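# Summary of structural features
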Amino acid sequence: MGTATLRTNALTTLPALKAVLGLSDEDTGSDGMLIQLINQASASVERALGRKLRRSDYVERLKGTGSQYLLVEHYPIVRVASIKQAGEEIDPGLYDIATQGRAGVICKDDGWTYYGYPQGLTGDPVAGSRNIEVKYTAGYILPWEATEEEPADLPADLEGLVQEMVQYAFGKLETGGSAGLKAFSISDVRWEWSEDTPSSWQEIINQYKRVWV
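Residues numbered from 1 in each chain as written. Predicted model: local features only at pLDDT ≥ 70, side-chain atom pairs only at ≥ 80, totals over all residues. Heavy atoms only, no water.

## Section: the overall build of the protein chain
Helices and strands together make up the secondary structure of the protein chain, namely 4 helices and 11 strands. Counting all 213 residues of the protein chain, 41% fall into the buried class. Long-range contacts, defined as pairs at least 24 residues apart, comprise 68% of the intrachain contacts of the protein chain with a sequence gap of at least 6. By element, 49% of the accessible surface of the protein chain is carried by carbon and sulfur atoms, the whole surface being about 11600 Å². (Helix = DSSP H or I, 4+ residues; strand = E, 2+ residues; numbered from the N terminus. Buried < 20%, exposed > 50% of the residue type's maximum accessible area, 1.4 Å probe, protein only. Contact = heavy atoms within 4.5 Å. Areas by Shrake-Rupley, 256 points an atom, 1.4 Å probe, with all protein chains shown as cover.)

Structural data, given as structure tokens:
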């Protein structure tokens, strides 16, 4: 199968997965396949959640909402480096992530001013101006990159979900079956969920999707 390596968004490690599968460290015959399956399942989980999970730094340009809440794409928010609106930096004391940061929401008591400009031939429709720049850090420390100083903080059920997905697919590949998968190809690392996908998997995904009205 060639050499396979864990991608930077892998949500579990090969040793942890092999422990779940009951494989010893010396049993390396399936390591390449298992690594590809970890990569595939991790990507599938991120697609289902609609965001990257590894802790990273981001810069986003956003529209003012006209409310107290500003939503960034990635979460949980770990820290906000700076926020500028119309080129002016906003005092960090005016906003916080204490309660809603885990959902990617930055709160500001006096609101995030909406600025618009006329659009179209009549000038009637008003399009929002993306004049807010947010520099922030969001996401989790993943198991493969954990250290004593910075231990992994990826929720255990998300890592367990990836392990269960791989265990399920690995069993099907070993037996040559395909129940529960609409399409699966180890060669191009594709994963598609079917109507037979366990509801427990979707329940875990739902716990980490942003629900914000």
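Moving on, there is more to tell.
## Some details on the environment of Q163
Considering the arrangement of structural elements, one finds Q163 in helix α3 (residues 156-175). Separated by 152 residues in the primary sequence, Q163 and L11 place their C-alpha atoms 8.7 Å from one another. Every residue in contact with Q163, bar those within four places of it in the chain, is listed here: T12, A16, L17 and V20. For Q163, the side chain forms a polar contact with the side chain of T12, separated by 2.9 Å. (Polar contact = N/O pair within 3.5 Å; in protein donor to acceptor, adjacent residues only side chain to side chain.)

## Details of the environment of S44
Structurally, S44 can be placed in helix α2 (residues 31-49). On the basis of relative accessibility, which here comes to 3%, the residue S44 falls in the buried class. Considered as a pair, S44 and M165 are 121 residues apart in the sequence and their alpha carbons are 9.8 Å apart.

## Observations concerning the sheet that holds strand β5 (residues 95-96)
The 3 strands are arranged β2-β6-β5 in an open sheet whose pairing can be described as antiparallel. Two strands in the sheet have a free side with no partner beyond their single neighbour: β2 (69-71) and β5. As judged from the 2 bridges shared by β5 and strand β6 (residues 105-108), these two strands associate in the antiparallel manner. For Y95, the partnering residue across the bridge sits in β6 and is K108. (Pairing = 2+ DSSP bridges.)

## Side note on the packing of aromatic side chains
The full count for this structure, using the stated rule, is 3 aromatic pairs. When the centroid spacing of 5.8 Å and the interplanar angle of 90 degrees are considered together, the rings of Y168 and W201 count as edge-to-face. Pair noted here: Y168 is in helix α3 and W201 is in helix α4 (residues 199-207), with a separation of 33 residues, a long-range link. Judged by its relative accessible area of 27%, Y168 falls in the partly exposed class. When the ring centre of Y75 is taken as origin, the NZ or CZ atom of R51, which lies over that ring, is 3.7 Å away. Above the ring of W112, the side-chain terminus of K108 is found at 5.2 Å from the ring centroid. (Phe/Tyr/Trp six-rings, centres within 6.5 Å; stacked < 30°, edge-to-face > 60°. Lys NZ or Arg CZ within 6 Å of the ring centre and 35° of its normal.)

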